[in-house]
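# Residue-level structural notes
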Amino acid sequence: MRTLTCLFALLLIAGSAFSQAKRIAGTVVSKSSGKPLEGVTVQAGSNATTTDSLGAFAIQADPSTQVVFTYTSMKSVTLIASAITTEPIIMEDALQSISEVVVVGYISQRRKDVTGSVAVVDLNPVKNTSSGNTMQALQGRVAGLYVEKDGSPNGSNGRILIRGANTLGNTDPLYIIDGVPTTRPEVFQNMDPANISSVQVLKDASAASIYGSRASNGVVIVTTKNGSNTGGKIAFQLNSSISAQSEKSMRLKMLNSLDRGRALWLASVNDRQDPAAGYGEIYTFNWNNDFNNPVLNSVELKPFVGGDPNTPAGNTDWQDVMYKTGLVSNNSLTISAGNKNSSLEMNFAYLKNTGMLRYTGYERIAGSINASTRSFNDKVTIGLNVRVANSNENLTTKDLGGALTTGLAVTLAPTIPVYQKDGKTFAGELGAGYSDRNNPLHMQYLSRWNNANRLSTFGNTYVEIQPIKNLVIRSSIGADYATFENKIIAPTFTEGALSRTTNFLSYDRNKYLSLTWSNTARYNWDVNENHNLKFLIGTEYIKTDINFDFTKKEGYAIQTEDYFTLNAGTGNTTATGGNTGNRLSSQFARVDYNFADRYLAAVTVRRDGSSRFGGDNQYGIFPAASVGWRIDRENFMKNMNIFSELKLRAGVGRVGNQQIGDLARFILFNTRYGTSQNDLTPGFWEAYMNVGTAYALNGANTGTLPSGFVQTQAENASLKWETTDEINIGLDYTLWDDRIFGSFDYFSRNTTGILIVPPVASALGEGQSKAVNGASKTNRGWEFVAGYRNKPTGKLNYTVQLNFAHFRDKITELPENVRPAYPGN
């Protein structure tokens, strides 16, 4: 009887305890972005779970139990279970955290789960960069990433190299901005750093292979801000800066006029040539005329250039003449508002750069709108991202011989003065001893009316639906639209012995439109407490079209800017144009596996079909696999208080390249009318080798046909993808509560079938030039990152980071007929 009584009492106690446990459910969102947080650990006593892709969770807990929410990049939140309601639980960013959620291609991951070589860039320190060029703000912040600059006011000809030049052609990486791909670096350059939420750089093939045929040069993924939960209030942020730029620290030390004369004398006598025969109209050389034992007593500069009394000989420092201090004014205004369901952020920016090279400058106006809203209990999310930028640039120009004025600033003779005797008329070379080059300041002055205008519109709209728990379906339509107009006004002029006798106005215009339709499905499967699988499948279709035209009119009676219009010209007219385009259809998949938060694996595959290749090689498959071992999670590491994180990772993968032009595989013909080169389209060098359409059999060169066709390119039906296979081994570490952090990577690349257009022997006949898979190369190197974060002291926070990188490229195969086109390799 006593035993039954005790058993009955125990059952009552157990039943009472069981009845107190309830199902607690809710959502977790970020305070800064207002977005749901995936992967937040929810701990209630001995029970634990994580939030799904929409930030939702459900857990059994006693009403009086403390529920702890933890996330690596956020401050932990502790609530009593009974206090959890339908209101979202808001987590704040930790003061010292850097982005712990990494976008790795159509999905995001916890940074600690990443197994590829992915760099996360913190742009907060440079959100008010004075350059106004987001690309330049990346300089020095990513190991293995190099930003090349050309010195122009907008840096539009600069480029990013990730782990060096991986090909002999176009080396631009692929940019993914809010899920929309683009190969135009100016889209990224025009973005306001204050409007960017995160930047990730996918450096190795195992990380980038999800983008397949366009990822051989690396991938830069950019996510912009879309407002935050401001409680319905409107928040304003104004960033403004002004800075001065100078190239003086980069100037070359040049010879003055007399020192140049001594150098020319020495060069002549070393060649056993009479210096007076070559430079006697510029200098008077007083020497012993003994080539066996030459002695120079003195050098005197002739008083006039070419004997012209209106042009006194000078002692010109052309670098000082051509350059000035440039002023850069950069201003942006960000307006954001939102609540728990919707958010909106608008950004307006204005940049003006007066330029360091005289008669150049750059001006840009830009704006963006990012918005998102959630409904149906956060089951449906709709978003919009649009950014527009319009810029005007006064260009660097060339002289009559095609030399850039920046180059003439260090090569033109110092004996040539800037102006003639009257101080107004530009001086130039005259007489023997000079190369036929123009006064660079004069050339820049004549091009002061030249202008390049760019209009860029970029964005997408998307919808995300969660039909069942842990399954998210997303569809996105993106557009990359750009127009370009380059206006050139070339007045007649006379300068020394050189002149332009016919003036002209030309317009070079093109329109670019790329549409991207992406569809993905993501599913997160928690098999049990130790096994987690994430699945991604998707399709993508990209349609790109380019329209271009060139118009030129000669013969203008009045040389003022307003008079240079097409209707006012009375001379020859040139009008050409055309269009081209390409299509890319892709399917891709990815599986991520996590065992006990210690052992990680990822497998990706992408199949691309491109219109740039023929039927035999139209499709390419790009697989990759990577593994990771979180050593810090092992039992033997628990008693070691040194490492906060220690992860070993390795990956192997294949990526591709298709940057060879839309018509590379076809045989091409071009029309020819008459025998005048003026009728030919500028820019096609081979056209100048095929003037006219008739051949005079009698050698009198009198054959002329009214019209006809010539072959300009041979077909290559076997043209195929350029491929890069890469192995990457890396180690990530953080020590002493994340104070010290860094990584080490070793990589080895092998690129085959490099797409190039080599020269051909004349004996093969005209029009035999064609694109081929003509070279191979290897690239091996390493990257090391070491940094330190201080322990927060009030509002003072700082981070010191050092990046080291080394790589070595080697051309392993370069056929004989290809080498003349690449003499530097």
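Everything quoted here is computed from the prediction, not taken from an experiment.

## Here we look at the overall build of the chain
The secondary structure content of the chain amounts to 9 helices and 41 strands. Of the contacts made within the chain by residues no fewer than 6 positions apart, 66% connect residues no fewer than 24 positions apart. For the chain, the exposed surface amounts to about 39,700 Å²; the carbon and sulfur share of it is 55%.

## Quick notes on helix 5 (residues 257-270)
For helix 5, built from 14 residues, the straight-helix expectation of 20 Å at 1.5 Å per residue is met to within 8% by its first-to-last C-alpha distance of 20 Å. Residues Ser257, Arg260, Gly261, Leu264, Trp265, Ser268 and Val269 constitute the buried set of helix 5. Each buried residue of helix 5 lies within a common arc of 165° when the element is viewed along its axis, so the set occupies one face. Where the residues of helix 5 are buried, they touch helix 6 (275-279), strand 18 (283-287) and strand 19 (296-301). Two or three places before leucine 258, at the opening of helix 5, asparagine 256 has a side-chain oxygen 3.3 Å from that residue's backbone nitrogen. After helix 5 finishes, the residue arginine 272 shows a positive phi value of roughly 55°.

## Digging into the packing of aromatic side chains
Enumeration according to the criterion identifies 19 aromatic pairs in this entry. Ring geometry for phenylalanine 613 versus tryptophan 721: centroids 4.7 Å apart, planes at 45°, classification tilted. Placement of the pair is phenylalanine 613 in the loop between strand 31 (599-610) and strand 32 (619-630) and tryptophan 721 in the loop between strand 35 (708-713) and strand 36 (722-735), with a sequence separation of 108 residues. According to the relative accessible area criterion, phenylalanine 613 is buried, its value standing at 0%. Through successive ring pairs, a cluster of aromatic residues spans Tyr359, Tyr419, Phe426 and Tyr445. Positioned above the aromatic ring of tyrosine 619 is the side chain of arginine 607, whose terminal nitrogen or guanidinium carbon lies 4.0 Å from the ring centre.

## What about the side chain of serine 372?
With respect to the helices and strands, the residue serine 372 is situated in strand 22 (residues 361-375). Accessibility expressed as a relative area gives 10% for serine 372, which makes it buried. Dropping the residues within four chain positions of it, serine 372 is found in contact with Asn226, Asn341, Ser342, Ser343, Ile382, Gly383 and Tyr462.

## Quick word on the environment of threonine 406
Summarising the element assignment, threonine 406 is placed in helix 8 (residues 405-411). Since its relative accessible area comes to 30%, threonine 406 is described here as partly exposed. Along the backbone, threonine 406 and proline 440 are 34 residues apart, and their C-alpha atoms lie at a distance of 7.8 Å. When residues no more than four places from it in sequence are discounted, the contact partners of threonine 406 are Tyr323, Leu357 and Thr396.

## Details of the confidence of the model for the chain
Scored by pLDDT, the chain has a mean of 84; 87% of the residues are at 70 or more. Scored below 50 in pLDDT, residues 676-690 makes 21 contacts in the model with residues more than four places away or belonging to other chains.

## Here we look at the pairing of strand 21 (residues 342-353)
The side-chain alternation of strand 21 yields one buried face, formed by Ser343, Glu345, Asn347, Ala349, Leu351 and Asn353, and one unburied face, formed by Ser342, Leu344, Met346, Phe348, Tyr350 and Lys352. Bridge count between strand 20 (residues 326-338) and strand 21: 11 bridges; the pairing is antiparallel. Along strand 21, the bridge assignment pairs leucine 333 with phenylalanine 348. Where strand 20 folds back onto strand 21 in an antiparallel hairpin, the turn is made up of 3 residues. Pairing of strand 21 with strand 22 involves 12 bridges; the strand directions are antiparallel. Paired with leucine 344 across the bridge in strand 22 is alanine 371.

## Some words on the sheet that holds strand 3 (residues 47-50)
Pairing is antiparallel across the open sheet formed by 4 strands, whose spatial order is 3-2-5-6. The open sheet has two edge strands, strand 3 and strand 6 (77-80), and neither has a second partner. On average, each strand axis in the sheet is tilted by 20° relative to the strand beside it, whichever way the strands run. As judged from the 4 bridges shared by strand 2 (residues 41-44) and strand 3, these two strands associate in the antiparallel manner. Within strand 3, the residue paired with valine 42 across the bridge is threonine 49.

## Overview of the pattern of salt bridges
The tally for this structure, following the rule as stated, stands at 38 salt bridges. Ionic pairing is found between arginine 590 and aspartate 592, a salt bridge with its closest N-O pair at 2.7 Å. Comparing arginine 590 with aspartate 592 shows no difference in burial state: the two are buried. Here arginine 649 ties to aspartate 745 by a salt bridge, and the two come within 2.8 Å at their closest N and O atoms.

Scoring rules and cut-offs
Residues numbered from 1 in each chain as written. Predicted model: local features only at pLDDT ≥ 70, side-chain atom pairs only at ≥ 80, totals over all residues. Heavy atoms only, no water. Helix = DSSP H or I, 4+ residues; strand = E, 2+ residues; numbered from the N terminus. Contact = heavy atoms within 4.5 Å. Areas by Shrake-Rupley, 256 points an atom, 1.4 Å probe, with all protein chains shown as cover. Expected span 1.5 Å × (residues − 1). Buried < 20%, exposed > 50% of the residue type's maximum accessible area, 1.4 Å probe, protein only. Arc of directions from axis to C-beta. Polar contact = N/O pair within 3.5 Å; in protein donor to acceptor, adjacent residues only side chain to side chain. Phe/Tyr/Trp six-rings, centres within 6.5 Å; stacked < 30°, edge-to-face > 60°. Lys NZ or Arg CZ within 6 Å of the ring centre and 35° of its normal. pLDDT = per-residue confidence, 0-100. Pairing = 2+ DSSP bridges. Axes fitted to C-alpha atoms, helices over the stretch in contact; angles between N-to-C directions. Salt bridge = Lys/Arg side-chain N within 4 Å of Asp/Glu carboxyl O.

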